[in-house]
Amino acid sequence: AHPDRIDVVEGQPMSSRSGRFLKHSLHDAGIKPFDCYIDYIMPSYPGRKGFTSIEAQDEIASYEHQLKAHIKKQKNLKVILSFGPEVLPYLGIHGTLNKTRGFVFDQFPVPIIPTYNPAYLFRGNGAEDITFLNDLQKAAEIAKNGFQRPPEDFLLGPSEADVDAFLSPLRDGKTRLFVDIEAVG
C-alpha cells in the first residue's frame, strides 16, 4: 500500500519487519520474492494522518498514473496482489477489503487479488495469517497456470429432482461439498 518508514530510509521495499514477514510469507506460498514486482500507491510514508489526509490524497493522485505505467511496463506480470483496503479504489475495485478479499478481479490487464496488508497482520491480527497465505498461494497458482473465470451456475428455486441430481455425485463418499449461505437481516 505504502512504504513503511524503514522502507523509505533504506530506499528498498520490504526492509521493515512487516516487509520481512511478507518475504517469509511469499516463501511459504512457494513464491520467490525476487520474482515479484513491488510498488506502492504512494512513494512516501503517509504519516500519522494516513491516507485520508489531503497531502496523502494529492500524492496518491499524482502517483497513480506513474504506478499504472509501471504496471503496464512489466512484461511478465501475471497477477497483482493488492495489499490493504487503501489500494482497491485505485485498481478499480469497489467495496471493503472484507467483501473483496480472496476474490479474483480480472478487469485489469492481469488478475488482481485483494488481501491483507502484511503490516496489518504484523500488528497483532495474526488470526488472518492463514487467509493471507491462502491468498498468496492463489496468486502463485494463477501466475503458474493462468486464470480462468469459473462458470457461474445458479439455480434459484430448484425442484426436488434438481437437488437430487446435484447431490448424486456426493454419494460416492469421496466428493466433498462446501456451502456458503448468505443471510440478510
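For clarity, every value in this text was computed on a predicted model and none was experimentally measured.

Student: So what about the packing of helix 2 (residues 17–28) against helix 6 (residues 129–145)? Which residues, and what values?
Tutor: Between helix 2 and helix 6, whose axes approach to 9 Å, the crossing angle comes to 60 degrees. By the criterion of interaxial angle, the relationship of helix 2 to helix 6 is oblique. Along this stretch, helix 2 crosses helix 6, giving a crossing that reads as right-handed. Packed against helix 2, whose contacting residues are Phe21, Leu22, Ser25, Leu26 and Asp28, the element helix 6 presents Asp129, Phe132, Leu133, Leu136 and Gln137 at the interface.

Student: Describe the packing of aromatic side chains, and please don't skip the residues or the numbers.
Tutor: Each aromatic ring pair is described using two quantities: the centre-to-centre distance and the angle formed by the ring planes. Here the structure, examined in full by the defined rule, presents 3 aromatic pairs. Measuring from centroid to centroid gives 6.0 Å for Phe83 and Phe132, while their planes differ by 45 degrees, and the two rings are tilted. Here Phe83 is found in strand 1 (residues 80–83), whereas its partner Phe132 is found in helix 6, with 49 residues between them in sequence. We classify Phe132 as buried; its relative accessible area is 1%. Seen from their ring centres, Tyr116 and Tyr120 are 5.6 Å apart, and the 15 degrees between their planes marks the pair as stacked. Relative accessible area serves as the criterion here: at 7%, Tyr116 is assigned to the buried category. An aromatic cluster of at least three residues, connected via ring pairs, comprises Phe21, Phe83 and Phe132.

Reading guide: rules and limits
- Residues numbered from 1 in each chain as written.
- Predicted model: local features only at pLDDT ≥ 70, side-chain atom pairs only at ≥ 80, totals over all residues.
- Heavy atoms only, no water.
- Axes fitted to C-alpha atoms, helices over the stretch in contact; angles between N-to-C directions.
- Helix = DSSP H or I, 4+ residues; strand = E, 2+ residues; numbered from the N terminus.
- Parallel < 35°, antiparallel > 145°, perpendicular 65-115°, else oblique.
- Left-handed = near helix turned anticlockwise from the far one by under 90°.
- Contact = heavy atoms within 4.5 Å.
- Phe/Tyr/Trp six-rings, centres within 6.5 Å; stacked < 30°, edge-to-face > 60°.
- Buried < 20%, exposed > 50% of the residue type's maximum accessible area, 1.4 Å probe, protein only.

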